[in-house]
Amino acid sequence: MKKISLGIIIGNREFFPDHLVSEARNDIMNLFDKFNINPIILSNEDTKLGGVETFKDAEKCANLFKSKNDIIDGVIVILPNFGDEKGVADALRLSDLKLPVLVQAYPDDLDKLDPKNRRDAYCGKISVCNNLYQYGIKYTLTKKHTIHLKDQEFKNELMDFISVCRVVKGMKNVRIGAVGARPTAFNT
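Structural notes, computed from the coordinates. (Residues numbered from 1 in each chain as written. Predicted model: local features only at pLDDT ≥ 70, side-chain atom pairs only at ≥ 80, totals over all residues. Heavy atoms only, no water.)

Details of the pattern of salt bridges
Tallying each qualifying case throughout the model produces nine salt bridges. The salt bridge involving R13 is made with E85; its shortest N-O contact spans 2.3 Å. Of this pair, R13 sits in the loop between β1 (5-10) and α1 (18-34) while E85 sits in helix α3 (residues 85-95), placing them 72 residues apart in sequence. Between E153 and K144 there is a salt bridge; the shortest N-O distance is 3.0 Å. Under the relative-accessibility criterion, E153 is labelled partly exposed at 41%. One connected set of salt bridges, linked through shared partners, spans K2, D73 and K169. (Salt bridge = Lys/Arg side-chain N within 4 Å of Asp/Glu carboxyl O. Helix = DSSP H or I, 4+ residues; strand = E, 2+ residues; numbered from the N terminus. Buried < 20%, exposed > 50% of the residue type's maximum accessible area, 1.4 Å probe, protein only.)

Re the pairing of strand β4 (residues 101-105)
Within β4, five of the five residues are buried, leaving the element largely enclosed by the surrounding structure. The side-chain alternation of β4 yields two buried faces, one formed by V101, V103 and A105 and the other by L102 and Q104. In the sheet, strand β3 (residues 74-79) pairs with β4 via five bridges, with the strands oriented parallel. Within β4, the position partnered with I78 by the bridge is Q104. Taking the sense of rotation as the criterion, the β-α-β connection linking β3, α3 and β4 turns out right-handed. Pairing between β4 and strand β5 (residues 140-141): two bridges, direction parallel. Its bridge partner being in β5, V103 is matched across the sheet by L141. (Pairing = 2+ DSSP bridges. Right-handed = clockwise from strand over helix to strand, strands pointing away.)

Listed below in structure tokens is the structure:
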């Protein structure tokens, strides 16, 4: 079976702690390595921490995705913090991929709601999805509104998402024909 390639957008918002973005990047890269998934992701040199925050970041991400159009099977949006909803939505809109999108958001640790650790990805996910909806970009949500990438439930959802990506890719340019008599009394 062909190795799956997934685009990764890590949403970021400047005034949230940088270490959360780095943590999410490490989490997803380790997960992709474990499941032998090819990541298509901005580097730390392309944008701040490889995240998408500004329109310029969105353009860079979209250009990366366009350059890998022939191999990319789907996109995962990761929100380690509130994230910039416009940046994420613009990256997908500008890439014009028309592929499955999965939106994930990290949960806040209730013992770490101080300015050094606050995520607020719960609200960010609502905002990102609202922008995706406004742009007409179809997306899938995780069963739990917030879920850590290391949770077994997310790993299961990732495997389900990969299955969806394979089906969508397999159905591109499919032609369906009907062979047989069509009685005039049936007009369906």
